[in-house]
Amino acid sequence: MDVMGDKATLRESGRRARSGAHDLSAETTGALAGARAAREFHAEARSGSGRLPLQPGRGTLSAVPGYVGVGPEDAPAPSAPRTPGGTGAEPGAATEARLRAAAEGDIAAMSELGAMLLRRGELDEAEPHLRAATGAGDRAAANNLGVLLHQRGYPEEAAGWWRVAAVAGSAAAAHALGRHHRERGDEPAADYWLRQSAEQGHVLGAYALADLLEHRGEPEAERWMRSAAERGHREAAYRTARMLEQRVADEARRERGPVLPGPRRAGRAAAAPALSIPGPRDGAAPLAAARRQPAEPAKSGPRADGLTPAQEAEQWYRQAAARGHRKAALHLGAILEQRGELKEAGRWYLTSAKDGEARAACALGFLLRDAGDQESAAVWWLKAAQEGDGNAANALGALHAEREEPQTAERWYRAAMDAGDDNGAYNLALLCAEQGRTAQAEQWYRTAAYAGHREAANALAVLLLQAGDAAGAEPWFSKAAEGGSVDAAFNLGILHSGRGDEEGALRWYERAAAAGHTEAALQVGMALLREGDEQSAERHLRCAAGGGSAEAAYRLASVLDARRPPQGPPVLGESVLSERDECEEWYERAADQGHRRAQVRAGMLAAARGDIVLAARRYREAAEAGSSNGAFNLGLLLAREGSEPEAALWWRRAAEAGHGRAALRLALLFARRGELVESQEWCDKAVQAGPAEVAERAARLRDALQQELSA
């Protein structure tokens, strides 16, 4: 087989060494045959149209490609070069010589002349020559006669001649006959003849057999699809890659297993977390769900050649894409984009988009947007949207919404809905919610939610809950959670907790936490701490802290802090610790996110290590954010460093916020200055604020001041 791109020209040697007789592959060119193939076969393995090539055969009943049923992008190409006149035949002198030879009864010449006329579309002139050659036992002529009859609308008679050629050993005729039987629903006969063709090495026979077996769900399909792919069939290469990718995805799902609620536990009420609601629409959040996400790599072992299924799938995509398969180029671009090879991914997206693949144009737009080129991104999104891609219409809507052009954005969101993309309704609802059009937002949320959009169902439930309709919200939360919305599962936990059903709340929190929800992991960790299960609590707190929760980082640090051995004051001459341990690292992480209690504790640990600069910075951050403990500790640090006036300012701020120790410090400060009346006032505040130890000391100081004043 000679392969030029993806178009195959097949040749076969016959029994006798004679001059070649052209043989026409029997792919139908008529609209009726194309329609039949489109109805009967897989969407990516339908019959192509166009005039089919003639191939030279040798010997009695020599076989060449018969009634081919390749996909629309894999139609064979003519093997003979076309003349300047465009006939696709030999030059005039050679043709005349063949005519004379045919008139003298040369069977091979008659067969070749009939094939040449058939290629030209001169069916009436070709038929007598083909019938004469077939009658003389030329199997190439029998195959081509079947092609001619099929084109004329006599499929049964065509099948009869294909059978004659197939029995005589023509793999191409066996392929054509198998396709004929499959079109008529006779799968056993189709299986037999396609298998005969495939086992003789016929690439189109192998592909058609694989398509039939895949349709029946038989595992043998991959073997024959791979066989066709290895012989250069680009659609087979693409579908082999898809099979491998599906296997990878199936293995990944099996390894993850189902996400189930955890065991029931009783516990006290936790601090009420905030609802997970849709954030401001920036185009990325609602649109990301609509972009094709490549399957996660599975942990399948490598094959004998060292390739994993995912790597092998990539190779087949490359082969198909290199032969001009636009869907393969799209998938290859997605794999490369996920791997971070954006430049090469962009080249394949561009190749696919130029070939008319709307999804590739859309993906290229996202790639350009992420690179900061919004104008070029908009050009490709527009091209894709005009070809009916809903995701691209969504992207255009988000782009115009960012530019504060809500009317244009709404128009594109509606175009996305018209294209069948539920994200259009969801994004339109977000747009209406931002504009305060609550009734319209609810309408579009419902539209998307009824269509199965899980985040729209969650957003609708949040909207209803905020309006006070908890009974109406719960079914939508449940529908979204069962559909896989992690936010909805978390929100159901909040709903149950608000009713006092801590057991039910914990089940939903655990389900959301198992799917990676940070705040849910925090709630589970806090519940486990209340139950005394510190080890399990630490695991959940680490997950939440690693996910960016400042509260989880603080609570994890507190758990680790409680395990630290008590540290006495440093002995004179002993070096102070200079390195932070894990406990302090978590305090620092929470402090960096603005957690006030973490800032105070981080400052205390830094001061204990002798890092006064860091301690002062952490205390000041907490104090300026309103922490009375931070203000008090900052005052202590400043006083120790000799800045008593500034220390007094921070103590005053803490004392006015109800900090008893700060009030006592001010009382002592004013007593030393001799301002006894003001000292008494701060003593009174210290007694009121407490705690008991501070109140007792402040009371004694106040009594002493009273005696001094009355003396």
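Data block above holds the structure.
1. Here's the deal with the overall build of the protein
A tally of regular secondary structure across the protein gives 36 helices and four strands. Going through the 711 residues of the protein one by one, you find that 50% of them count as buried. Restricting the contact set of the protein to residue pairs at least 6 apart, pairs at least 24 apart contribute 58%. When the accessible surface of the protein is summed, it comes to about 32300 Å², and 50% of that surface belongs to carbon and sulfur atoms.

2. Details of a positive patch on the surface
A cluster of like positive charges, contributed by Arg640, Arg661, Arg665 and Arg697, occupies part of the molecular surface. Here Arg661 lies in helix 34 (residues 660–673). On the basis of relative accessibility, which here comes to 39%, the residue Arg661 falls in the partly exposed class.

3. Quick word on helix 30 (residues 596–609)
In a regular helix each residue adds 1.5 Å, so 14 residues correspond to 20 Å; helix 30 covers 20 Å between its end C-alpha atoms and thus fits that length. All buried positions along helix 30 are accounted for by Ala598, Gln599, Val600, Ala602, Gly603, Leu605, Ala606 and Arg609. Considering only its buried residues, helix 30 is in contact with helix 28 (550–562), helix 29 (582–592), helix 31 (612–624) and helix 32 (628–640). Of the residues one or two after helix 30, Gly610 is the one with positive phi, at around 95 degrees.

4. Quick notes on the packing of helix 19 (residues 406–418) against helix 20 (residues 422–434)
The N-to-C vectors of helix 19 and helix 20 enclose an angle of 155 degrees; their axes lie 7 Å apart at closest approach. Classified by the interaxial angle, the pair formed by helix 19 and helix 20 is roughly antiparallel. In the packing of helix 19 onto helix 20, the handedness of the crossing is left-handed. Taking contact as the criterion, the partners of Pro406, Ala409, Glu410, Tyr413, Arg414, Ala416 and Met417 in helix 19 are, on helix 20, Gly424, Ala425, Asn427, Leu428 and Leu431. Of the residues assigned to the contact of helix 19 with helix 20, the class counts are eight nonpolar, two polar and two charged.

5. A closer look at the pattern of salt bridges
Once the charged atoms of two side chains with opposite charge are near each other, the side chains can pair. According to the stated counting rule, one finds 57 salt bridges in the structure shown. For Arg195, the salt bridge goes to Asp191, with nearest N and O atoms at 3.2 Å. In this pair, Arg195 and Asp191 are both assigned in helix 8 (residues 187–199), four residues apart and thus about one turn of the helix distant. For Arg195, a relative accessible area of 18% puts it in the buried group. On the basis of relative accessible area, Asp191 is assigned to the buried category, the value being 13%. As a salt-bridge pair, Glu218 and Arg216 come within 2.9 Å of each other at their nearest N and O atoms. For Glu218, a relative accessible area of 29% corresponds to the partly exposed category.

6. A few points about the nonpolar core
If you look at the biggest cluster of nonpolar residues, it comprises 67 residues, and the most contacted ones within it are Tyr413, Tyr426, Tyr445, Trp476, Phe477, Trp586 and Tyr587. In terms of residues, this core owes the most to one element, helix 22 (residues 454–466), which gives eight residues. Ranked by size, the runner-up nonpolar core spans 60 residues in total, among them Met225, Ala328, Leu330 and Ala395.

7. Regarding unusual backbone geometry
Note the cis peptide between Gly690 and Pro691, where omega equals 5 degrees. Residue placement: Pro691 occurs in the loop between helix 35 (676–689) and helix 36 (692–710). Phi is positive for Glu404, close to 60 degrees, though the residue is something other than glycine. Looking at the element boundaries, Glu404 is found in the loop between helix 18 (390–402) and helix 19. Judged by relative accessible area, Glu404 falls into the exposed class, the value being 71%.

8. A closer look at the environment of Arg702
Summarising the element assignment, Arg702 is placed in helix 36. Judged by its relative accessible area of 27%, Arg702 is partly exposed. Taking the C-alpha atoms as reference, Arg702 lies 10.0 Å from Ala671; in sequence the two are 31 residues apart.

9. Details of the environment of Arg326
Within the element layout of this structure, Arg326 appears in helix 14 (residues 326–339). The exposure class assigned to Arg326 is partly exposed, which follows from its relative accessible area of 29%. Spatially, the C-alpha atoms of Arg326 and Tyr238 are 9.8 Å apart, while their sequence positions differ by 88 residues.

10. A word on helix 29
Inspection of helix 29 places Cys583, Glu584, Trp586, Tyr587, Glu588, Ala590 and Ala591 among the buried residues, and these make up the whole buried set. The inward-facing, buried residues of helix 29 contact helix 27 (534–546), helix 28, helix 30 and helix 31. One or two positions beyond helix 29, positive phi appears at Gly594, with a value near 90 degrees.

11. Digging into the packing of aromatic side chains
Tallying each qualifying case throughout the model produces seven aromatic pairs. Plain terms: the ring middles of Tyr426 and Tyr445 are 6.2 Å apart, the flat faces sit at 45 degrees to each other, and that makes the pair tilted. Remark: Tyr445 occurs in helix 21 (residues 438–450) and Tyr426 occurs in helix 20; sequence separation between them is 19 residues. A relative accessible area of 8% places Tyr426 in the buried class. A relative accessible area of 4% means that Tyr445 is categorised as buried. Measuring from centroid to centroid gives 5.9 Å for Tyr554 and Tyr587, while their planes differ by 55 degrees, and the two rings are tilted. Within this pair, whereas Tyr554 is found in helix 28, its partner Tyr587 is found in helix 29, the two being separated by 33 residues in sequence. Tyr587 carries the same exposure label as Tyr554, and that label is buried. A cation over an aromatic ring shows up here: Lys685 above the ring of Trp682, its NZ or CZ 4.4 Å from the ring centre.

Conventions adopted
Residues numbered from 1 in each chain as written. Predicted model: local features only at pLDDT ≥ 70, side-chain atom pairs only at ≥ 80, totals over all residues. Heavy atoms only, no water. Helix = DSSP H or I, 4+ residues; strand = E, 2+ residues; numbered from the N terminus. Buried < 20%, exposed > 50% of the residue type's maximum accessible area, 1.4 Å probe, protein only. Contact = heavy atoms within 4.5 Å. Areas by Shrake-Rupley, 256 points an atom, 1.4 Å probe, with all protein chains shown as cover. Patch = residues over 30% accessible without salt bridge, like charges linked within 9 Å, V, L, I, M, F, W, Y side chains within 5 Å. Salt bridge = Lys/Arg side-chain N within 4 Å of Asp/Glu carboxyl O. Lys, Arg positive; Asp, Glu negative; His and termini not counted. Charge placed at Lys NZ, Arg CZ, Asp CG, Glu CD. Expected span 1.5 Å × (residues − 1). Axes fitted to C-alpha atoms, helices over the stretch in contact; angles between N-to-C directions. Parallel < 35°, antiparallel > 145°, perpendicular 65-115°, else oblique. Left-handed = near helix turned anticlockwise from the far one by under 90°. Nonpolar A, V, L, I, M, F, W, Y, C, P; charged D, E, K, R; others polar. Core = buried A, V, L, I, M, F, W, Y, C linked by side-chain atoms within 4.5 Å. Phe/Tyr/Trp six-rings, centres within 6.5 Å; stacked < 30°, edge-to-face > 60°. Lys NZ or Arg CZ within 6 Å of the ring centre and 35° of its normal.

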